[in-house]
Amino acid sequence: MKSLLATVKSFVANLLLWSFFVGGLVASTASGAVLDGTQKSVATYAGIAVSLLAGSRIAKKPRIKAFLSKSSTLWFLFLFNGGVAAFCYLTMDGVKGVATAAGMGLVSLGAAGGLVGNLRRPTVDHYEPAADRPGA
């Protein structure tokens, strides 16, 4: 059983991690409403970097990792992000549309890679009695 100090420390660390993730997302998406020019660009790119770093740390947590490894989650990510990528490519003009489609397409391809990886991994280890094993 974990001590009270370890529990509080874990809670505070998770709270800070999720706060940085959400704060980075907000900074990268809403900086245009408040800032202009170079400041807007700096806030957008800094927000993207912070949210990527925090998100990658969150994704390494056991419960999140197990959720992201499920086939149903990977299929959703593959189909949804692939659809959004196609939609953005067809409806948005210029570099913004191509960049958005490329980013969403990369996420979709990453989910497809996870699906292929799940297919190669054996799902159930077969039981082999000790008497049937060589050398037993």
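Below you will find a few notes about this structure. (Residues numbered from 1 in each chain as written. Predicted model: local features only at pLDDT ≥ 70, side-chain atom pairs only at ≥ 80, totals over all residues. Heavy atoms only, no water.)

**Description of the packing of helix H1 (residues 4-34) against helix H2 (residues 37-59)**
Helix packing for two helices is described by the angle between their axes and how far apart those axes are.
Okay, step 1: For the pair H1 and H2, interaxial distance at closest approach is 7 Å and the crossing angle is 150°. The pairing of H1 with H2 is recorded here as roughly antiparallel in orientation. When the axes of H1 and H2 are compared, the crossing they make is left-handed. Residues Leu17, Trp18, Phe20, Phe21, Gly24, Leu25, Ala27, Ser28, Ser31 and Gly32 of H1 form the contact with H2, whose own contacting residues are Lys40, Ala43, Thr44, Gly47, Ile48, Val50, Ser51, Ala54, Gly55, Arg57 and Ile58. (Axes fitted to C-alpha atoms, helices over the stretch in contact; angles between N-to-C directions. Helix = DSSP H or I, 4+ residues; strand = E, 2+ residues; numbered from the N terminus. Parallel < 35°, antiparallel > 145°, perpendicular 65-115°, else oblique. Left-handed = near helix turned anticlockwise from the far one by under 90°. Contact = heavy atoms within 4.5 Å.)

**Some words on the side chain of threonine 44**
Okay, step 1: With respect to the secondary-structure elements, threonine 44 resides in helix H2.
Okay, step 2: The contacts of threonine 44, once residues within four sequence positions are left out, are Ala27, Ser28 and Ser31.

**Description of the packing of aromatic side chains**
Okay, step 1: By the definition in use, this model includes 3 aromatic pairs.
Okay, step 2: On the numbers, 6.0 Å between centres and 90° between planes, the contact of tryptophan 18 with phenylalanine 21 is edge-to-face. Here tryptophan 18 and its partner phenylalanine 21 are both found in helix H1, 3 residues apart, which amounts to about one turn of the helix.
Okay, step 3: Seen in terms of ring centroids, phenylalanine 76 and phenylalanine 80 are 5.4 Å apart; in terms of plane orientation they differ by 15°. Their pairing is stacked. Taken together, the residues phenylalanine 76 and phenylalanine 80, both in helix H4 (residues 71-91) and 4 residues apart, mark about one turn of the helix.
Okay, step 4: Assessed through its relative accessible area of 44%, phenylalanine 80 is described here as partly exposed. (Phe/Tyr/Trp six-rings, centres within 6.5 Å; stacked < 30°, edge-to-face > 60°. Buried < 20%, exposed > 50% of the residue type's maximum accessible area, 1.4 Å probe, protein only.)

**A few points about the environment of isoleucine 58**
Okay, step 1: You can see isoleucine 58 is positioned in helix H2.
Okay, step 2: A C-alpha to C-alpha distance of 7.7 Å links isoleucine 58 and tryptophan 18, two positions 40 residues apart in sequence.
Okay, step 3: Residues contacting isoleucine 58, with those up to four places away along its chain left out, are Leu17, Trp18, Phe21 and Ile64.

**Here we look at the packing of helix H3 (residues 62-69) against H4**
Okay, step 1: Two elements in contact, H3 and H4, have axes separated by 5 Å at closest approach and are oriented at 65°. Judged by the inter-axis angle, H3 sits roughly perpendicular to H4. Here Phe67, Leu68 and Ser69 of H3 come into contact with H4, specifically with Ser71, Thr73, Leu74 and Leu77.
Okay, step 2: Within the contact of H3 with H4, the residues separate by chemical class into 4 nonpolar, 3 polar and no charged. (Nonpolar A, V, L, I, M, F, W, Y, C, P; charged D, E, K, R; others polar.)

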